[in-house]
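Spelled out from the first residue to the last, the chains are:
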Amino acid sequence: MKDEIFSVLQRVGRSFMLPVAVLPIAGILLGIGASFTNPTTIKTYGLEAIFGDGTLLGGLLTIMASAGSTIFGNLPIIFAVGVAIGMAKAEREVAALAAMISFFVMHSACNAMLKLNGAILPDGTIAPGVLEGTIASSCGIMSYQMGVFGGIIVGIGVAYLHNKFHKIVLPNALSFFGGSRFVPIISTVVYLFVGIGLYFVWPLAQQGIFALGSLVTGTGYVGTLIFGIIKRALIPFGLHHVFYLPFWQTGVGGSMMIDGQLVQGGQNIFFAQLASPDVAHFSADATRYFSGEFIFMIFGLPGAALAMYRCAKPSKKTAAKGLLLSAALTSMLTGITEPIEFSFLFVAPALFGVQVVLAGAAYMIAHMLNIAVGLTFSGGLLDLFIFGILQGEAKTSWMYIIPVGIIYFFL
């Protein structure tokens, strides 16, 4: 039973990677677009003639920022479809269609319940007295603010229904609706009732989510340390995506009012601030869940790779050099650390324990130094350049990464 649960959790974690894979391009579009359309940036560097209002580049960058912002704004349905595809065992296109339909049905059912009970008024506005931020638009449907949790609920459920029913055989009179055609039908019926059920359940779940978030955010720097240690410790099991995603994308990671909108989740807060012209310094409380990664991904783990090369036997140095150099460059450029970590995880697990503690401390140190550099996927040089250097020291305090990183290299 434990093995089965563990296997399912691993599959869930792997399925997250498909929708997560779209974040880098969305972040680059938003990061570059917002950077060079920000009035303060344009004025500071005297770029009015190149990027100012009415210029060709200014218009293109505005479109880029809008496109990137749209992707981040619609992550719930992207996760619904992506997770369903990732967990479906066959005919994944059917699972994708069923997930999209189920997402709309679930939120529409929840919307109807909110209207019937007076939380949403007949004109579509939110009733006075409803807690701000609890109801929001999902693909144009006013429903509970579920964030990516709503998408994950749909994706996992639809994948289960798909794997169970995509080969079902119905009586001859109904044979047209058998097989894969049955999946969108059963999914629609199930998620009609899921939407109704969530009207009653989600407020309780929301309280639990905020309580979990308060456990980390309420314990300050120690909470950040605990978060970092747990995230890195889950890497070998493939469960780290399941752990960190709620902090990045939901109210677990905190909430903040930005330009009159309540934004939930550390990564969402960062990108909302990135698109806002009125932010003096990005929130380190929001970026505590990822700013520390630049320290050990760009500096720390490449230092570990050099140490392993220096300690290799003379006859093995050539082979070690090729393996470790490519792994170090991968960590530095993209923030993908598995090639380095897995090179010593199984042969020297105690060293992985050291890496987990040092990595956790990096998250905490970045938080303490008010470093607020965002990222799309992981802490590599590209994200550091776009979301740190390009945004300026005054907004991100990115320069602190260098001295701390040098220390981590030698550590």
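Here's a quick rundown of the structure. Keep in mind that this is a model prediction, so the values were computed, not measured. (Residues numbered from 1 in each chain as written. Predicted model: local features only at pLDDT ≥ 70, side-chain atom pairs only at ≥ 80, totals over all residues. Heavy atoms only, no water.)

Take the pairing of strand β2 (residues 141–144) next. Taken together, the four bridges between strand β1 (residues 135–138) and β2 define a ladder with antiparallel strand orientation. Paired with isoleucine 135 across the bridge in β2 is tyrosine 144. Here β1 folds back onto β2 in antiparallel fashion, the turn holding two residues, of which cysteine 139 has a positive phi close to 55°. (Pairing = 2+ DSSP bridges. Helix = DSSP H or I, 4+ residues; strand = E, 2+ residues; numbered from the N terminus.)

Applying the stated criterion to the full structure yields 18 aromatic pairs. With 6.4 Å between their ring centres and 65° between their planes, phenylalanine 149 and tryptophan 202 make a pair best called edge-to-face. Here the residue phenylalanine 149 occupies a position in helix α8 (residues 147–165), and tryptophan 202 occupies one in helix α9 (residues 182–217), the gap between them amounting to 53 residues. The exposure class assigned to tryptophan 202 is buried, which follows from its relative accessible area of 5%. When the centroid spacing of 5.4 Å and the interplanar angle of 85° are considered together, the rings of tryptophan 248 and phenylalanine 290 count as edge-to-face. Highlighted residues: tryptophan 248 in helix α11 (residues 240–249) and phenylalanine 290 in the loop between α13 (284–287) and α14 (293–311), separated in sequence by 42 residues. For phenylalanine 290, a relative accessible area of 0% gives the class buried. These aromatic residues form a ring-pair network of at least three members: Phe227, Phe247, Tyr289, Phe296 and Tyr363. (Phe/Tyr/Trp six-rings, centres within 6.5 Å; stacked < 30°, edge-to-face > 60°. Buried < 20%, exposed > 50% of the residue type's maximum accessible area, 1.4 Å probe, protein only.)

A word on the packing of helix α6 (residues 75–87) against α8. At a minimum axis separation of 7 Å, α6 and α8 run at an interaxial angle of 25°. With respect to α8, the axis of α6 lies roughly parallel. You can see that α6 and α8 cross each other, and the crossing is right-handed. Touching Leu75, Pro76, Phe79, Ala80, Val83, Ala84 and Met87 of α6 are Gly147, Val148, Gly151, Ile152, Val154, Gly155, Ile156, Val158, Ala159 and Asn163, all from α8. Here the contact of α6 with α8 is composed, by residue class, of 13 nonpolar, four polar and no charged. (Axes fitted to C-alpha atoms, helices over the stretch in contact; angles between N-to-C directions. Parallel < 35°, antiparallel > 145°, perpendicular 65-115°, else oblique. Left-handed = near helix turned anticlockwise from the far one by under 90°. Contact = heavy atoms within 4.5 Å. Nonpolar A, V, L, I, M, F, W, Y, C, P; charged D, E, K, R; others polar.)

A separate point is the pattern of salt bridges. In this structure the tally under the stated criterion is three salt bridges. For arginine 232, the salt bridge is made with glutamate 341, and the minimal N-O distance between the two is 3.1 Å. Of the two residues, arginine 232 is situated in helix α10 (residues 220–233) and glutamate 341 in helix α16 (residues 338–345); the sequence distance between them amounts to 109 residues. You'll find arginine 232 and glutamate 341 in the same group, each marked buried. (Salt bridge = Lys/Arg side-chain N within 4 Å of Asp/Glu carboxyl O.)

It is worth spelling out α16 at this point. The set of residues buried in α16 consists of Ile340, Glu341, Phe344 and Leu345. Looking straight down α16, one finds that the buried residues subtend no more than 125° of arc, so they occupy a single side. Those residues of α16 hidden inside the fold are in contact with α10, α14, α15 (317–334) and α17 (349–368). (Arc of directions from axis to C-beta.)

Contact pair helix α2 (residues 23–35) / helix α12 (residues 266–275): the axes reach a minimum separation of 9 Å and the direction vectors enclose 30°. Classified by the interaxial angle, the pair formed by α2 and α12 is roughly parallel. Contacts from Leu23, Gly27, Leu30, Gly31 and Ala34 of α2 reach α12 at Gln267, Phe271, Leu274 and Ala275. Across the contact of α2 with α12, the residue classes break down as six nonpolar, three polar and no charged.

In this section: a nonpolar patch on the surface. A contiguous nonpolar patch, built from Leu174, Phe176, Phe177, Ile185, Val189, Leu192 and Phe193 and spanning about 660 Å² of accessible area, is present on the exposed surface. Tracing the sequence through the fold places isoleucine 185 in helix α9. Its relative accessible area of 36% is what places isoleucine 185 among the partly exposed residues. (Patch = residues over 30% accessible without salt bridge, like charges linked within 9 Å, V, L, I, M, F, W, Y side chains within 5 Å. Areas by Shrake-Rupley, 256 points an atom, 1.4 Å probe, with all protein chains shown as cover.)

This part covers unusual backbone geometry. Unusually for a residue other than glycine, glutamate 91 sits at a positive phi of about 45°. Among the structural elements, glutamate 91 can be located in the loop between α6 and α7 (92–116). Of note, aspartate 259 is a non-glycine position whose phi angle comes to about 50°, a positive value. Residue placement: aspartate 259 occurs in the loop between β3 (255–258) and β4 (261–264).

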